Amino acid sequence: MTTAETETVESFRLRARAWLAENMPRLDADAPLPTLGDDDHEWVRARELQKLLHAGGFAGICFPREYGGLGLSPAHQRAFTEETAGYEMPVQLNIPTFSIVAATLLDMGSEEQKRERISAAIRGDEVLCQFLSEPSGGSDLAGLLTRAELDGDTWILNGQKTWSTSAYAADWGLCLARTNWDVPKHRGLTMFLIPTEAPGLHMNRVKMVNGSREFCEEFFTDVQLPASAVVGEVNNGWAVASRQLFHERNAVGGGSPYVSGIAGRPRALGGQSLFTVARATGRAAEPGVRERVGEWVALEAVKNQMVSRVSRAIGSGALPPPAASLLRLFHAEAAQRGTDLAMDIAGAQIAAGVGTDEGVTGRAGVSYLSRQGASLGGGSSEMARNQISERLLGMPREPAADRDIPFNQVKRGRV
Amino acid sequence: MELELTADQKLFQSSARSLLEKDHSLDRLRRLEPGESAWDRDSWQRGAELGWAATIVPEELGGGSVSGEGVRDLTLLAEELGSVVAPGPFLPVNVVLAGLVAAHGTGPDHTATIEALVAGEQVAAWAVYEPGGHWAPEAAHVAASPTADGWRLDGTKDRVEAGLQADLLLVTATTPEGLAQFLVPTSAEGVTTSPQWALDLSRPLAEVRLDGVVVGPDAVVGTPATTAEIVEKQLQIALLVQCAELCGGLEKMFALTMQWGFDRYSFGRPLASYQALKHRYADMRTWLEACHSTTQAAAEAVQAGSPDAPQLVSVAKSFVAERAQWILQDCVQLHGGIGVTWEHDLHLYLRRATSDRALYGTPEDHRRRLADLSSL
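Numbering of residues starts from 1 in each chain and follows the order in which that chain's sequence is written. Each chain takes a letter, starting from A, and each ligand takes a number, starting from 1, following the order in which they are written. Per-residue local features are limited, in this predicted model, to residues with pLDDT of at least 70; the limit for side-chain atom pairs, both in listing and counting, is 80 or more; totals at the level of whole chains, interfaces and linings are taken over all residues. Heavy atoms from the whole structure form the basis of all side-chain values; hydrogens and water molecules are not counted.

**Quick word on the nonpolar core**
- Residues belong to a common nonpolar core when they are buried Ala, Val, Leu, Ile, Met, Phe, Trp, Tyr or Cys residues joined through side-chain atoms within 4.5 Å. Relative accessibility thresholds used throughout: buried, under 20% of the residue-type maximum; exposed, over 50%; partly exposed, between the two (1.4 Å probe, protein chains only). Core analysis: the biggest nonpolar cluster contains 142 residues, and A:Phe330, B:Trp52, B:Phe90, B:Trp126, B:Leu153, B:Phe182 and B:Tyr360 have the highest contact counts within it.
- Secondary structure elements are defined from DSSP: runs of H or I of at least 4 residues count as helices, runs of E of at least 2 residues count as strands, and each element is numbered from the N terminus. With 16 residues, the top contributor of residues to this core is helix H7 (residues 227-263) of chain B.
- What makes two residues a contact is simply this: any of their non-hydrogen atoms within 4.5 Å. Setting aside residues up to four positions removed in sequence, B:Trp52 forms contacts with B:Ala16, B:Leu19, B:Leu20, B:Trp44, B:Gly47, B:Leu77, B:Leu81, B:Phe90 and B:Asn94.
- Counting residues in hydrophobic clusters, the runner-up holds 66 residues, among them A:Ile61, A:Leu70, A:Leu106 and A:Val231.

See below:
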């Protein structure tokens, strides 16, 4: 489609508005909060909703047309997302399926990978995930130990991954493995695209302190992969992972053009707003409580304003891509302050529910327990601060004891 | 800071910058004698000639803006002025103009005053605070009683920015019909202005006593029915100017502290090589971006007269005023002992930030306002 033929944002918005009203189910604001850890039906629902969007011609707005998308601009996507307020949307597919995995395949994948996986995700047929982190280390991703060895034309994969978000619901995953141990760590990695049903892949769900079971751990035992499973080039997997990390920061910070629709409820607070907590405690009239609710309102607003400004700046080149870490860092700060404010407001009721139910204040308490998740998931806040100071402010890089040393000679810890 | 400026806006910015370089120096602020004013009418007049009091005034009332979006130009200017802690009545004059422009057509005609303020021939100040009082513009103790041919004002105002140098005061007062605002000449009988100790060296404050001050019916600004709305407009401009000048100042002090981090060596390496310090710089950089984001969003809402402008200025003020202090105190810490000396520039910015935090609603006041506006 040439520029002259591209539909204007306003026309697209009006068409979307009419279509959504006609076809998309409305969100039920009074529906009870879902129980954390029990979300299988949500994934079935997400695929149904995605299929609905695809049938209506509103799926994959910023993905190229040749891979099943609409080839439109981020402004079109923003307009569409604004129009989806109040409607049920397949928001589970935003991260990591579209904004991280599909976005990375688009940057680095083979023609076949792009044509098949991206379009299947857009059609609502497939869900994508990532197999990156390992139990041996979180921040030092390139120090991973999962190995892939070539046996004739077949890669044999062995090792263990963890923290794979919603992998249990996924069909395909991007998996980073070491293919050369005789070179420094970044230079011996290869990215593979693997089916989650591959023989030899065993998956467990990890239960978190708040009861959530969205993360998985995987054990790979002699998993066989064809040469076409490689994404990018052999031993150049770090380049692919870097794109993934960029897209992840962008997505977690809220700046991705591949996110469609926004979650109706703030996840960080267990799906409850501070208004709900203030009302439930009967303290909404107290000035101290009102101040805290106001602070939360302001922080949420600033977070969104910053997403809009920084993503525009990265898009125009006014800021370099590592500026996405600004969003990542502020997102964590705002989310954590939110849980703290909720705890303040819940006051004496934070540790108790209503009868045998956790109730609003009990849920605020449970959310508080997983407070640090905001500064750990998608790369820790400490790594974001390194990124900002080194890549954005140009400060000297941290010394690394494994720099330029063949990976098989690098010291490892006991755990 | 806007991400992109037009050529006209850049010219506007650079003309302001060169006037400030000529007329103003931080050293002069530092060397002020007690009782000496930080600014004079001539330098304000030169600023007014460059359009510093014209941006939010429509052309038919003598104003005009370079971008056609006056609030954006006002914000741009405020950043420039804030980046050098410029003294002068920029905030009060523009706040009074916001009120007079908002009231235009609803009450007595103040066109001549608007034109004189735009031209820099007159200076006006907003007399809204009262001794011992917090931010509560709607609850004035100054009383305005109707007389046979006008009004009589009694009471005391304080924290009046530019009150000593002003020709006119825009006074909030309670009438039998509720809150109203009056334009009162400082030369009127019964008006006494006296200097008030001020933390911000660049912003002289005044106490104003009104003892049986008699004004005509034409002194009223707007009508009792529109006063709340007019005061809201004034507040929006005051908050925007504060946030933008804080952003300008923060940008400057952050750059200074960055340079210090690269230039200053301890144990044979620059401060900027220590992770503990790098992380503090990263936090500051993040907060600074957030301050710009919320200030620009508020400016756009006020420019557009959008229904969420009251929320967005309170979001910006509550956030920027708090983070400005976090950032500046961290700048002091990273500088070490020199950061708390009189000779260093940091305290001039910290004074401005602390004063801006306090005036026109503290972050706490604006958070409660946000709860009110959210109908909690």
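**Side note on empty space enclosed by the protein**
Residues and elements named next belong to chain A.
- Of the two site types, the cavity is a set of points on a 1 Å grid over the protein atoms alone where a 1.4 Å probe fits but cannot get out, and the pocket is an open set with protein on both sides within 12 Å along at least five of seven lines, each lined by residues with an atom within 4 Å of a point. Grid points are joined across faces, edges and corners, and a volume is the space filled by probe spheres set on the points. Taken as a whole and judged by the stated rule, the model has five cavities of 30 Å³ or more.
- Within this model, the largest cavity holds a volume of roughly 130 Å³.
- Elements with a contribution of two residues or more to the lining of the largest cavity: helix H2 (40-56) and helix H4 (94-108).
- Looking at the lining of the largest cavity residue by residue, the classes come out as eleven nonpolar, five polar and no charged. Note on residue categories: nonpolar means Ala, Val, Leu, Ile, Met, Phe, Trp, Tyr, Cys or Pro, charged means Asp, Glu, Lys or Arg, and polar means any other residue, Gly included.

**A few points about H4(A)**
Residue and element names in this part refer to chain A.
- Bend is computed residue by residue as the angle between axes fitted to the seven residues ending at the residue and the seven residues starting at it. The principal kink in H4, of about 30 degrees, is found at Ala102.
- Burial within H4 is extensive, with twelve of its 15 residues counted as buried.
- Of all the positions in H4, only Asn94, Pro96, Thr97, Phe98, Ser99, Ile100, Val101, Ala102, Ala103, Thr104, Leu105 and Leu106 are classed as buried.

**A look at the UniProt feature "domain: Acyl-CoA oxidase/dehydrogenase middle" (unreviewed entry) in chain A**
- UniProt positions are given in the numbering used here, feature names are shortened, and annotations may be inferred rather than shown by experiment. With numbering matched to this structure, UniProt assigns "domain: Acyl-CoA oxidase/dehydrogenase middle" (unreviewed entry) to residues 129-223 of chain A.
- As annotated, residues 129-223 of chain A has a helix share of 0% and a strand share of 52%, and its two end C-alpha atoms lie 17 Å apart.

**Overview of the layout of surface pockets**
All names here are of chain B.
- Looking at the second largest pocket, its volume works out to about 470 Å³.
- Considering only residue class, the lining of the second largest pocket consists of 13 nonpolar, four polar and five charged.
- An automatic or database domain assignment supplies the residue ranges for each domain. Each of domain 1 (7-118) and domain 2 (124-221) accounts for three or more of the residues forming the lining of the second largest pocket.

**A word on the domain arrangement of chain B**
All names here are of chain B.
- Assigned domains within chain B: domain 1 (7-118), domain 2 (124-221) and domain 3 (227-373).
- Here the C-alpha centroids of domain 2 and domain 3 sit 30 Å apart.
- The interface of domain 2 with domain 3 comprises 17 residues on the first partner and 18 residues on the second.
- Taken over both partners, the interface formed by domain 2 and domain 3 buries close to 1,600 Å², and the fraction arising from carbon and sulfur atoms is 61%.
- By buried area we mean the combined loss of accessible area, with a 1.4 Å probe, across both parts when two parts are placed together. In terms of surface lost to domain 3, no three residues of domain 2 exceed Trp126, Trp135 and Leu199, which account for 32% of the buried area on that side.
- One side-chain nitrogen of Lys or Arg within 4 Å of one carboxyl oxygen of Asp or Glu is enough to make a salt bridge. For the pair domain 2 and domain 3, the interface holds three salt bridges.
- Notably, a salt bridge pairs Asp356 with Arg203, separated by 3.5 Å at the nearest N-O pair.
- Contacts described as polar in this section are N or O atom pairs within 3.5 Å, which, within protein, must combine one atom able to donate a hydrogen with one able to accept it, while residues neighboring in sequence count only if both atoms come from side chains. Our enumeration of links across domain 2 and domain 3 arrives at ten residue pairs in polar contact (both at pLDDT 80 or more).

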